[in-house]
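Observations on chain architecture
Spelled out, the chains give:
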Amino acid sequence: MNYRFRHSGICLLFLLTLLFSCSDQKNESAREEAFDFYQSALFKEVQLAGIFQDSKTFVDCIADEPLEVLATKYNELALQDTFDLSDFVHQHFKLPESEAVGYQSDTAKSMESHIQELWPILTRQADAGQANSSLIPLPNEYVVPGGRFREVYYWDSYFTMEGLVRSEQYDLAKAMVDNFSFLIDSIGFIPNGNRDYYLGRSQPPFYALMVDLIADDTPELWGHYLPYLIKEYDFWMSGSNELSHANKATKRVVMLDDSTILNRYWDNYATPRPESYKEDYELVNENHLDSARAYRHLRAGAESGWDYSSRWLADGQHLSTIHTTDIIPVDLNALLYHLEITIAKAYDQIGKVDEAKTFQKKAAARKMAINKYLWREQAGFYMDFDYIIGKSTKVESMAAAYPLFFQLASETQAQLVADKLLSDFLKPGGFVTTLNNTGQQWDAPNGWAPLQWIAVKGLFNYEFEEAAINAAEKWLARNRQVYKTTGKMMEKYNVVDTTLQAGGGEYPLQDGFGWTNGVVLALEETVAQQAVLEGE
């Protein structure tokens, strides 16, 4: 077993070059090689022993020798009666550093000033590459979310960038788009984050929206980013030509009864997530689950960004019933509709009319399919579709705001969705993620910054201005309240009981926090602009 590629910044640079220059089959082989260490006895024993409170700590450590060497040493030393696993790990692995060493917030300053001070704290310079590290080196500077999230994250970055452009940090925003373009070019897709343990999956495809942010005022950029947009699209649609009514699903694509093709979340691997190895392993073994199926569903749930939510649970309550890959999600397909529209726009910008029309037709077909399969007339709401049983999952969630954000809904549909969002989902601190209280972090009582932005912009798109402003102000007030109390911007918030912090999930509440900071600045500007319009 060869461990050299995993945990080696220099080797990862070679791996990226290799991936760029080889066929898809060779790419997959190279990626498999990168995951060998995560199947080793050393890795399994460290994670299951709970040496670190957070399973992600170990995969972010930097080894003092090639992991192949350390794995061999472990296999030899572990046989000795005097062997101590914790001592071995702390001797050979350097712990990851805290994100904000020496930084102390000052609540006498405004929340907005605090956010501006945080940008340099959360910014990382271009990676030089480090031996025996899981980090995938990026060629440009980037912003990390904060806390345990020490690397760039795909969908987080769009919302962070909304704040960067409001802070006039255009070069940094563009550098982040260029980093993601680099990943698309060298790996073939944008992974969950720039760590080698994320190479099996992506995250919600927000790349086109990132391009929107930097190209709207610079039209020539559409042509520049078009090859990357197409390659991103090809990744999500990979396997489409293999589908039939006898083979209804492969990778991230699903063929429905009318031959329509829509998308699902997926992961290339059916093993425990390295960064959550203990949690995945114990869930599967304690509940006697089919391991390959369960691990795939867990990984696909992580690709969704909603890890985890009742959206993915067959009984709506217990993680042991997770079945993510059976589900065609509202948000994913709305995002891919936008990607198709964006590719059409980019082709049009460079004068390729026929190619633009092709993607306009793809987008129109997807829009029709979304409104056929993901609109639930009886509920007056968009919901995910379980293609295995051919029915809606019946879980109401904030994913229903995505068709309003991308203007996929009719005026009647938008009114019905808005009514439910405002009557059922809007709480004292903002929009709650789902109406189900399961203990999972992407359920009640938690609210998340990205979903506030999607919902508020969606309401504005259909001229529900008063409701949009009210919702934005509730969220902003919640952010200010927690900042004044703690001096921190949080990853998520309890929006139902504003006397309590958010909870749930696999790790403690994180602060920093990239997408919360970005959405605060974007919402404040949006509300201010609306006030100006109303005053004219």
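Here the structure is a predicted model, which means the values were calculated and not measured. (Residues numbered from 1 in each chain as written. Predicted model: local features only at pLDDT ≥ 70, side-chain atom pairs only at ≥ 80, totals over all residues. Heavy atoms only, no water.)

Describing the overall build of the protein
- Counting secondary structure elements, the protein contains 20 helices and 16 strands.
- Pairs at least 24 apart in sequence give 69% of the contacts found in the protein among residues at least 6 apart.
- Of note, the protein has its 47 positive side-chain charges centred 3 Å away from the centre of its 75 negative side-chain charges. (Helix = DSSP H or I, 4+ residues; strand = E, 2+ residues; numbered from the N terminus. Contact = heavy atoms within 4.5 Å. Lys, Arg positive; Asp, Glu negative; His and termini not counted. Charge placed at Lys NZ, Arg CZ, Asp CG, Glu CD.)

As for the layout of surface pockets
- As a volume, the largest pocket reaches approximately 660 Å³.
- With five residues, helix α14 (residues 330–349) is the largest single contributor of residues to the lining of the largest pocket.
- Taken together, the residues of the lining of the largest pocket sort by class into 13 nonpolar, three polar and nine charged. (1 Å grid on protein atoms, 1.4 Å probe; cavity = no way out; pocket = protein on both sides within 12 Å on 5 of 7 lines; lining within 4 Å. Points joined across faces, edges and corners; volume = space filled by probe spheres on them. Nonpolar A, V, L, I, M, F, W, Y, C, P; charged D, E, K, R; others polar.)

Let's talk about the sheet that holds strand β6 (residues 253–255)
- One open sheet holds the three strands; their spatial order is β5-β6-β7, and the pairing between them is antiparallel. Single-partner strands in this sheet number two, and they are β5 (249–250) and β7 (261–263).
- When β6 meets β7, the two strands line up antiparallel, connected through three bridges. From the neighbouring strand, Val254 faces β7, where its bridge partner is Leu262. (Pairing = 2+ DSSP bridges.)

With respect to the environment of Ser181
- Topologically, Ser181 is positioned in helix α9 (residues 170–187).
- Once the C-alpha coordinates of Ser181 and Glu232 are considered, the two residues, 51 residues apart in sequence, prove to be 9.1 Å apart.
- Each residue touching Ser181, except ones within four places of it in the same chain, is listed here: Tyr207, Tyr225 and Tyr228.

Here we look at helix α8 (residues 154–166)
- Taking the largest bend as the criterion, α8 deviates by roughly 25°, centred on Thr160.
- Counting buried positions along α8 yields 12 of 13 residues, so the element is predominantly enclosed.
- All of the buried residues along α8 are Tyr154, Trp155, Asp156, Ser157, Tyr158, Phe159, Thr160, Met161, Glu162, Gly163, Leu164 and Val165.
- Positive backbone phi, approximately 60°, marks Glu168, located one or two places after α8. (Bend = angle between axes of the 7 residues up to and from the residue. Buried < 20%, exposed > 50% of the residue type's maximum accessible area, 1.4 Å probe, protein only.)

Considering the packing of aromatic side chains
- Counted by the stated rule, this structure contains 45 aromatic pairs.
- Considering the side-chain rings of Phe235 and Trp236, the 5.4 Å spacing of their centres and the 80° angle between planes classify their relative orientation as edge-to-face. There is no split in this pair, since Phe235 and Trp236 are both buried.
- A centroid spacing of 6.1 Å and a plane angle of 10° characterise the contact between Tyr277 and Tyr281, whose relative ring orientation is stacked. Residue Tyr277 and its partner Tyr281 are located together in helix α12 (residues 277–286), separated by four residues, close to a single helical turn.
- The exposure class assigned to Tyr281 is partly exposed, which follows from its relative accessible area of 24%.
- Sitting over the face of the ring of Trp236, Arg252 holds its NZ or CZ atom 5.8 Å from the ring centroid.
- Lying across the ring of Phe381, Lys420 places its NZ or CZ 5.8 Å from the centre. (Phe/Tyr/Trp six-rings, centres within 6.5 Å; stacked < 30°, edge-to-face > 60°. Lys NZ or Arg CZ within 6 Å of the ring centre and 35° of its normal.)

What to know about the nonpolar core
- Grouped together as the largest cluster of nonpolar side chains are 168 residues, with contacts concentrated most on Phe206 and Tyr207.
- Counting residues per element, this core draws most heavily on α14, at 11 residues.
- Apart from the residues lying within four places of it in its own chain, the contact partners of Phe206 are Tyr154, Trp155, Tyr158, Phe159, Leu335, Tyr402 and Ile454. (Core = buried A, V, L, I, M, F, W, Y, C linked by side-chain atoms within 4.5 Å.)

Observations regarding the packing of helix α3 (residues 41–49) against helix α6 (residues 85–92)
- Two numbers describe how α3 lies on α6: the axes approach to 11 Å, and their chain directions differ by 110°. By the criterion of interaxial angle, the relationship of α3 to α6 is roughly perpendicular. Crossing of α3 against α6: the hand is left-handed. Side by side, α3 and α6 meet where Leu42, Glu45, Val46 and Ala49 of the first sit next to Leu85, Phe88 and Val89 of the second. (Axes fitted to C-alpha atoms, helices over the stretch in contact; angles between N-to-C directions. Parallel < 35°, antiparallel > 145°, perpendicular 65-115°, else oblique. Left-handed = near helix turned anticlockwise from the far one by under 90°.)

Comments concerning the confidence of the model for the protein
- Mean pLDDT for the protein: 91, with 92% of residues reaching 70 or above.
- For the stretch residues 1–35, pLDDT sits under 50, and the model shows 90 contacts to residues farther than four places along the chain or on other chains. (pLDDT = per-residue confidence, 0-100.)

Some words on the sheet that holds strand β12 (residues 391–392)
- A sheet is described by the order of its strands in space; here three strands give the open sequence β8-β11-β12, paired in antiparallel fashion. Since the sheet does not close on itself, it has two edges, and those belong to β8 (327–328) and β12, each with one partner.
- Sheet topology note: the strand β11 (residues 385–386)/β12 ladder contains two bridges and is antiparallel. Its bridge partner lying in β12, Phe385 is registered against Ser392.

Points about the pattern of salt bridges
- Overall, the coordinates contain 28 salt bridges when judged by the stated rule.
- Here Asp185 ties to Lys231 by a salt bridge, and the two come within 4.0 Å at their closest N and O atoms. Of this pair, Asp185 sits in helix α9 while Lys231 sits in helix α11 (residues 220–237), and the two are 46 residues apart along the sequence.
- Asp185 gets classed as partly exposed once you look at its relative accessible area, which sits at 28%.
- Accessibility expressed as a relative area gives 30% for Lys231, which makes it partly exposed.
- Put simply, Asp384 and Arg311 hold a salt bridge, and the shortest N to O gap is 2.8 Å. In this pair, Asp384 is assigned in the loop between β10 (381–382) and β11 and Arg311 in the loop between α13 (291–303) and β8, connecting sequence segments 73 residues apart. (Salt bridge = Lys/Arg side-chain N within 4 Å of Asp/Glu carboxyl O.)

A closer look at the environment of Tyr402
- As for its placement among the helices and strands, Tyr402 is situated in helix α16 (residues 402–405).
- Between the C-alpha atom of Tyr402 and that of Lys420, which follows or precedes it by 18 residues, the distance is 14 Å.
- When sequence neighbours within four positions are dropped, the list of residues in contact with Tyr402 reads Trp155, Phe206, Asp331, Ala334, Leu335, Leu451 and Ile454.

Side note on the environment of Glu506
- Note that Glu506 resides in the loop between β16 (492–494) and α20 (514–535).
- A relative accessible area of 28% means that Glu506 is categorised as partly exposed.
- Each C-alpha atom of the pair Glu506 and Ser55 lies 9.3 Å from the other, and the pair is 451 residues apart in sequence.
- Apart from the residues lying within four places of it in its own chain, the contact partners of Glu506 are Arg273, Ser276, Glu279, Asp280 and Tyr308.

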